[in-house]
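One letter stands for each residue in the lines below.
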Amino acid sequence: MSNTTDQLGKQASEVTEDLQQMGRAVREAAQEKLGQAGEKAAEYGEQARDQLHGVACACEQFVRERPLRSILMAAGIGWLLGRFWKRG
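Criteria and thresholds
Residues numbered from 1 in each chain as written. Predicted model: local features only at pLDDT ≥ 70, side-chain atom pairs only at ≥ 80, totals over all residues. Heavy atoms only, no water. Disulfide = S-S within 2.5 Å. Buried < 20%, exposed > 50% of the residue type's maximum accessible area, 1.4 Å probe, protein only. Patch = residues over 30% accessible without salt bridge, like charges linked within 9 Å, V, L, I, M, F, W, Y side chains within 5 Å. Areas by Shrake-Rupley, 256 points an atom, 1.4 Å probe, with all protein chains shown as cover. Salt bridge = Lys/Arg side-chain N within 4 Å of Asp/Glu carboxyl O. Helix = DSSP H or I, 4+ residues; strand = E, 2+ residues; numbered from the N terminus. Polar contact = N/O pair within 3.5 Å; in protein donor to acceptor, adjacent residues only side chain to side chain. Contact = heavy atoms within 4.5 Å.

Participant: Which residues make up the state of the cysteines, and what values go with them?
Facilitator: All told, the structure shown has zero disulfides when counted by the stated rule. Looking at cysteine 59, it has no disulfide partner, and the nearest cysteine sulfur is the one in cysteine 57, 9.4 Å off. Residue classification places cysteine 59 among the partly exposed positions, given a relative accessible area of 45%.

Take a look at the structure:
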């Protein structure tokens, strides 16, 4: 009986150790994937910031080159938004 109990205890210890190793492997894989996702998010954020900066520069240049057209466009857009806002 003692021999069977010892074997069960040994097997339980082995299973526990295996589960702990699997848990560590899963944790390490998750941390690696999380790090990769963070790097990708930072890259996308930088790309978006660069594109937004480019659009802002293009808008600024448009306004400098065509001030009257810019004012008329802004007024027209404001008028349209006002009309839609009034209906809603």
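Participant: So what's going on with a nonpolar patch on the surface? Residues and values would help.
Facilitator: Together, Val15, Leu19 and Met22 make up an exposed nonpolar region whose accessible area comes to about 300 Å². Mapped onto the elements of the fold, methionine 22 is located in helix α1 (residues 2-65).

Participant: Tell me about the side chain of serine 70, residues and numbers included.
Facilitator: Structurally, the position occupied by serine 70 is in helix α2 (residues 67-87). When its relative accessible area of 13% is taken as the criterion, serine 70 is described as buried. At 2.8 Å, the side chain of serine 70 forms a polar contact with the backbone oxygen of arginine 66. Other than its neighbours up to four places away in sequence, serine 70 contacts Phe62 and Val63.

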